[in-house]
Amino acid sequence: MPEKETLERAEQDKEEGKSAGTQAGEFVREEIHHIREGKHGAASAKQAVAIGLSKARRAGVDLPPPKKGRVSETTRKAAARDTKRAHNGKKKATSVSRSRSSEAALKREPRSAASHKALSRQAKSAARARKKAGVKTQSRRKAA
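The rules behind these values
Residues numbered from 1 in each chain as written. Predicted model: local features only at pLDDT ≥ 70, side-chain atom pairs only at ≥ 80, totals over all residues. Heavy atoms only, no water. Helix = DSSP H or I, 4+ residues; strand = E, 2+ residues; numbered from the N terminus. Buried < 20%, exposed > 50% of the residue type's maximum accessible area, 1.4 Å probe, protein only. Contact = heavy atoms within 4.5 Å. Areas by Shrake-Rupley, 256 points an atom, 1.4 Å probe, with all protein chains shown as cover. Lys, Arg positive; Asp, Glu negative; His and termini not counted. Charge placed at Lys NZ, Arg CZ, Asp CG, Glu CD. Expected span 1.5 Å × (residues − 1). pLDDT = per-residue confidence, 0-100. Patch = residues over 30% accessible without salt bridge, like charges linked within 9 Å, V, L, I, M, F, W, Y side chains within 5 Å. Salt bridge = Lys/Arg side-chain N within 4 Å of Asp/Glu carboxyl O.

Remarks on the overall build of the protein chain
Next up, step 1: Helices and strands together make up the secondary structure of the protein chain, namely 6 helices and 0 strands.
Next up, step 2: Reading the protein chain from its N terminus to its C terminus gives the helix and strand order α-α-α-α-α-α.
Next up, step 3: Here the C-alpha coordinates of the protein chain stretch approximately 55 × 35 × 30 Å along the principal axes.
Next up, step 4: Taken across its 144 residues, the protein chain has 24% of its residues classed as buried.
Next up, step 5: Within the protein chain, contacts between residues separated by at least 24 positions form 60% of all contacts whose residues are at least 6 apart in sequence.
Next up, step 6: When the accessible surface of the protein chain is split by element, carbon and sulfur atoms take 53% of a total near 10,400 Å².
Next up, step 7: Measuring between centres, the 38 positive side-chain charges of the protein chain sit 12 Å from its 16 negative side-chain charges.

Listed below in structure tokens is the structure:
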């Protein structure tokens, strides 16, 4: 469950008319803080971001699932399920054993995923991927 402050910050972003990505950024930020303070770990910076985005979707941020081909079909379905769960209104309690085991697995992961270096590396690679995608669409436009 996200912290009260995080929910308030995301709500404030929504009221200010900011994008869903900006609203979700608050949840990602919270996740990074959790890893840094030793609450749990993450296998990579990418996983830390994914956990934050999942929390955002479940909290009601209108974040669309990733596009086809960018992530596995399982991940896309999970993202769609998170969004649906938030908008459904009915809150289904997570199984205690599942919750405990997933938290135990995260506790075994390293804390280095939230380091300045790891986050910088992740941001650079994501920006590089976006740039490449932009070049492709530009060349397609030119050809047409």
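Having seen the structure, we can now continue with the description.
Notes on the side chain of His34
Next up, step 1: Of note, His34 is situated in helix H2 (residues 20–36).
Next up, step 2: Using a relative accessible area of 3% as the deciding quantity, one classes His34 as buried.
Next up, step 3: Setting aside chain neighbours within four positions, we find His34 in contact with Glu3, Lys39, His40 and Lys55.

Quick word on helix H3 (residues 45–59)
Next up, step 1: Taking 1.5 Å of rise per residue, the 15 residues of H3 would be expected to cover 21 Å, and the 21 Å separating its terminal C-alpha atoms lies within 8% of that figure.
Next up, step 2: Every buried residue of H3 is listed here: Ala45, Ala48, Ile51, Gly52, Lys55, Ala56 and Arg57.

Some thoughts on the environment of Ala20
Next up, step 1: Here Ala20 is to be found in helix H2.
Next up, step 2: As a C-alpha pair, Ala20 and Ser44 span 24 residues in sequence and 23 Å in three-dimensional space.
Next up, step 3: In this structure Ala20 touches Val61, Asp62 and Leu63, once residues within four positions along its chain are discounted.

Focus on the side chain of Gln23
Next up, step 1: The topology assignment puts Gln23 in helix H2.
Next up, step 2: Excluding anything up to four places from it in sequence, Gln23 contacts Ala10, Asp13, Lys14, Lys18 and Val61.

Details of the confidence of the model for the protein chain
Next up, step 1: Summary statistics for the protein chain give a mean pLDDT of 91 and a share of 99% for residues scoring 70 or more.
Next up, step 2: Of all secondary-structure elements in the protein chain, the lowest mean pLDDT belongs to helix H6 (residues 116–143), at 85, while H2 reaches the highest, 96.

Quick notes on a negative patch on the surface
Next up, step 1: On the surface, a cluster of negative charge is made up of Glu3, Glu5, Glu8 and Glu37.
Next up, step 2: Assessed through its relative accessible area of 51%, Glu5 is described here as exposed.

Quick notes on the pattern of salt bridges
Next up, step 1: Under the defined criterion, the tally for this structure stands at 8 salt bridges.
Next up, step 2: The partner of Lys18 in a salt bridge is Glu16, with the nearest N and O atoms 3.2 Å apart.
Next up, step 3: Residue Arg29 is joined to Glu26 by a salt bridge in which the shortest nitrogen-to-oxygen separation is 4.0 Å. Of this pair, Arg29 and Glu26 both sit in helix H2, 3 residues apart, roughly one helical turn.
Next up, step 4: Through salt bridges that share partners, Arg9, Glu26 and Arg29 make up one connected network.

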